[in-house]
Amino acid sequence: MNEQNPIPQQIPPRIPPVATPSGVLQLGDDPAEGVPISNVVAAIDAILRHPRRVMFQLRQPNAGKLIVMMMLVSVVCSLIYGVVAGTFSGGDQLWAAPSKIAAGLMISALICLPSLYIFTCLSGSQARLVEVCGLLAGLLMLMTILLIGFAPVAWIFSQTTDSLAWMGTLHLVFWFIATIFGLRFLETRFSHSNARSHAGFHTWVIIFLLVAVQMTTALRPILGTADTFLPTEKQFFVSHWGDCLKATDNELKSKVRE
Amino acid sequence: MREQSEKLNPHEIGTLLRGDLESIAAWLERWHARRLALHLVVIIFGAGLYGAAMGWWRDPQQALYVAIKFPLIILLTTMGNVLINGMLAPLLGLNIPLRQSFAAILMSFTIAAAILGAFSPVMAFMIWNAPPMSPQAVSGATYSLIKLVNVAIIAFAGSTGNVRLFQTLARLGGSRAVAFRVLVAWLAGNLFLGSQLSWILRPFIGAPNLPVEFFRATALHGNFYENVFQTLQQIFND
């Protein structure tokens, strides 16, 4: 029992990842992608540094835990960013803005999930509904993590400017940049799914952007203040933004006159 | 094996949407009652949910009516043309039994209904954001936008269903030319009956100055084509 094995244990040589004829590595070819994501920190690290690991893990049978983790991070991060957005007006907006931003993101994702699944199937991808849910959760997590990165900048501006239009534009720009990175994550997965065409995915991106942008109008005010928690008048975002810009323009003109 | 094939498997809808022709052709060879039930469920829920979202703008009661009417049009069109479609297929060179032609058409409607159902949250969100239906709203840009989005979604769902139907027919018949002939014939029949059924079952979006009702009082007076003809006459007489 105590004798040592004279024959040294052989370590099997690592098989180098195999690339497809097109030069694209298949998911799971890199052994590092097979390492399970066990906690929230690992999930954040993976989506930023090794998104393919997240994609591979979402294909595994026990992906539910990872999806829940990613959703949790998305909610927490959007709540934090919401508090920063709420500091522009202060008061009730400190709790109203975070709840609206978090709820708005989740509802937008929920509204667009069925169409994403349909477009994924129509493009010929073999992704299951659970995997599509996971990819959407990954998109939300990446978006909201990036928003947290922008939060200090947004906070500084919210403390120094009074212009609602300016702050609104700034938040939209941050959201847009975060969304582009989130969508890039989704598109990378799409490229690995044997999809015949990306046209459906691009159509879905437009739908998602429109729904998310409209959500900012449906849940207004997020930055400014109002007597009611939700708007009493229904409007499409184009007309709402037009009204905001007109109001800012009038405000500027009156300031110049003074 | 038998147990598996008889299970109600929602993943089959994914197979249909992907256009996995091998599986679809195998399904058409042996039709199971449970698969038929699954397709009916998808049509009733998918088209129903989309109809509800569409009718909600006028009134919740209108939403309920349209949720019933939308799947009804699909099912009545399929049933109404089952015989003629089954006869046209062999006459145009596609020698498949009536059961297979019925199953193929039902599959294409199932795909369309699944797409409509998937878009129903987007449509509901759009309606929720629209100002309440009023004579002003109906004459404004909102009404036009809602109509346009509806047309785009329904057209997308319909065309996707028909593309998959064409691929299935080409696989069954082994010829794209034959598949195209059969598809055009089926489409013509389905559009002809479907338009009239939609005319009878109007309204869908509804009008603010008219009461919410399942059928208009004039539902069975005249027909769709007569109305189109009269409209054209008015245009040219003016």
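Reading guide: rules and limits
- Residues numbered from 1 in each chain as written.
- Chains lettered and ligands numbered in written order.
- Predicted model: local features only at pLDDT ≥ 70, side-chain atom pairs only at ≥ 80, totals over all residues.
- Heavy atoms only, no water.
- Helix = DSSP H or I, 4+ residues; strand = E, 2+ residues; numbered from the N terminus.
- Buried < 20%, exposed > 50% of the residue type's maximum accessible area, 1.4 Å probe, protein only.
- Contact = heavy atoms within 4.5 Å.
- Areas by Shrake-Rupley, 256 points an atom, 1.4 Å probe, with all protein chains shown as cover.
- Rg over C-alpha atoms; globule rule 2.2 N^0.38 Å.
- Lys, Arg positive; Asp, Glu negative; His and termini not counted.
- Charge placed at Lys NZ, Arg CZ, Asp CG, Glu CD.
- Core = buried A, V, L, I, M, F, W, Y, C linked by side-chain atoms within 4.5 Å.
- Phe/Tyr/Trp six-rings, centres within 6.5 Å; stacked < 30°, edge-to-face > 60°.
- Lys NZ or Arg CZ within 6 Å of the ring centre and 35° of its normal.
- Buried area = accessible area lost by both parts, 1.4 Å probe.
- Polar contact = N/O pair within 3.5 Å; in protein donor to acceptor, adjacent residues only side chain to side chain.
- Nonpolar A, V, L, I, M, F, W, Y, C, P; charged D, E, K, R; others polar.
- Expected span 1.5 Å × (residues − 1).
- pLDDT = per-residue confidence, 0-100.
- Salt bridge = Lys/Arg side-chain N within 4 Å of Asp/Glu carboxyl O.

Draft legend 1. Spatial organisation of the overall build of chain A. Of the regular secondary structure elements, chain A holds 8 helices and 0 strands. Counting helices and strands in the order they occur from the N terminus, chain A gives α-α-α-α-α-α-α-α. Residues classed as buried in chain A amount to 45% of the 258 residues present. Counting only contacts in chain A whose residues sit at least 6 apart along the sequence, the fraction spanning at least 24 positions is 65%. Counting every atom, chain A has about 13,900 Å² of accessible surface; 66% of that belongs to carbon and sulfur.

Draft legend 2. Region of the structure containing the overall build of chain B. Looking only at helices and strands, chain B features 11 helices and 0 strands. Walking chain B from its N terminus toward its C terminus, one meets helices and strands in the order α-α-α-α-α-α-α-α-α-α-α. Here the C-alpha radius of gyration of chain B, 19 Å, is about what a compact globule of 238 residues would show, namely 18 Å. Projected onto its principal axes, the C-alpha positions of chain B cover 60 × 40 × 25 Å. Counting across all 238 residues of chain B, residues that qualify as buried make up 47%. For chain B, the computed accessible surface area is about 11,900 Å², with 67% contributed by carbon and sulfur atoms. For chain B, the distance from the average position of its 16 positive side-chain charges to the average position of its 10 negative side-chain charges is 3 Å.

Draft legend 3. A look at the nonpolar core. One finds Val54 and Trp204 of chain A together with Trp57 and Trp186 of chain B to be the most contacted residues of the largest nonpolar core, which totals 136 residues. Tallying contributions element by element places helix α7 (residues 98-129) of chain B first for this core, with 20 residues. If we ignore the near neighbours within four places in the chain, the residues touching Val54 of chain A are Ile37, Ala46, Ile47, Leu66, Met70 and Phe185 of chain A.

Draft legend 4. The packing of aromatic side chains, seen in detail. Per the stated rule, a full pass over the model turns up 16 aromatic pairs over all chains. On the basis of an interplanar angle of 85 degrees and a centroid distance of 5.8 Å, the ring pair of Phe119 of chain A and Phe119 of chain B is categorised as edge-to-face. With Phe119 of chain A in helix α4 (residues 93-122) and Phe119 of chain B in helix α7, this pair bridges two chains. Residue class for Phe119 of chain A comes out buried when judged on its relative accessible area of 4%. When the ring of Phe201 of chain A is compared with that of Trp204 of chain A, the centres are 6.5 Å apart and the planes differ by 25 degrees; the resulting orientation is stacked. Of this pair, Phe201 of chain A and Trp204 of chain A are both found in helix α7 (residues 199-218), 3 residues apart, which corresponds to roughly one turn of the helix. The same class applies to Phe201 of chain A as to Trp204 of chain A, namely buried. The structure contains a cluster of three or more aromatic residues connected by ring pairs, namely Phe190, Phe201, Trp204 and Phe208 of chain A. The positively charged end of Lys69 of chain B is found above the aromatic ring belonging to Phe204 of chain B, 5.4 Å away from the centroid. Its end group placed over the ring of Trp199 of chain B, Arg202 of chain B keeps NZ or CZ at 3.9 Å from the ring centre.

Draft legend 5. Structural view of the interface of chain A and chain B. The interface of chain A with chain B comprises 21 residues on the first partner and 20 residues on the second. Where chain A abuts chain B, roughly 1,900 Å² becomes buried across the two surfaces, and 74% of that area is made up of carbon and sulfur atoms. Looking only at chain A, the three residues that lose the most surface to chain B are Leu122, Lys234 and Phe236 of chain A, adding up to 34% of its buried area. Remark: the boundary between chain A and chain B carries 5 residue pairs in polar contact (both at pLDDT 80 or more). Only α4 and α7 of chain A provide two or more residues apiece to the side of chain A that touches chain B. Here the side of chain A that touches chain B takes 8 residues from α4 of chain A, the largest share from any one element. Its residues assigned to classes, the side of chain A that touches chain B comprises 13 nonpolar, 6 polar and 2 charged.

Draft legend 6. How the structure looks around the environment of Ile177 of chain A. Residues and elements named next belong to chain A. Here Ile177 lies in helix α6 (residues 164-191). For Ile177, a relative accessible area of 30% corresponds to the partly exposed category. Residues Ile177 and Met143 lie 34 residues apart in sequence; the distance between their C-alpha atoms is 8.5 Å.

Draft legend 7. Representation of the side chain of Thr144 of chain A within the structure. Residue and element names in this part refer to chain A. By the secondary structure assignment, Thr144 is in helix α5 (residues 129-160). When its relative accessible area of 1% is taken as the criterion, Thr144 is described as buried. Setting aside residues up to four positions removed in sequence, Thr144 forms contacts with Val73, Ser74, Cys77, Ser78 and Leu105.

Draft legend 8. Geometry of helix α5 (residues 60-80) of chain B. For α5 of chain B, built from 21 residues, the straight-helix expectation of 30 Å at 1.5 Å per residue is met to within 8% by its first-to-last C-alpha distance of 30 Å. Along α5 of chain B, the residues classified as buried are Gln62, Ala63, Tyr65, Val66, Lys69, Phe70, Pro71, Ile73, Ile74, Thr77 and Thr78 of chain B.

Draft legend 9. Quick peek at the confidence of the model for chain A. Per-residue confidence for chain A gives a mean pLDDT of 85, with 90% of residues at or over 70. Ranking the helices and strands of chain A by mean pLDDT puts helix α3 (residues 64-86) of chain A first, with 95, and helix α8 (residues 237-257) of chain A last, with 78.

Draft legend 10. Looking closely at the pattern of salt bridges. Residue and element names in this part refer to chain A. With the rule as written, the count across this model stands at 6 salt bridges over all chains. Of the charged contacts, one joins Glu33 and Arg52 as a salt bridge, the two residues approaching to 2.7 Å between their closest N and O atoms. Taken together, the residues span a long stretch of sequence, with Glu33 in the segment before α1 (40-49) and Arg52 in helix α2 (residues 51-58) at a distance of 19 residues. Beyond isolated ion pairs, a larger network of salt bridges with shared partners links Arg59, Glu131 and Arg189.

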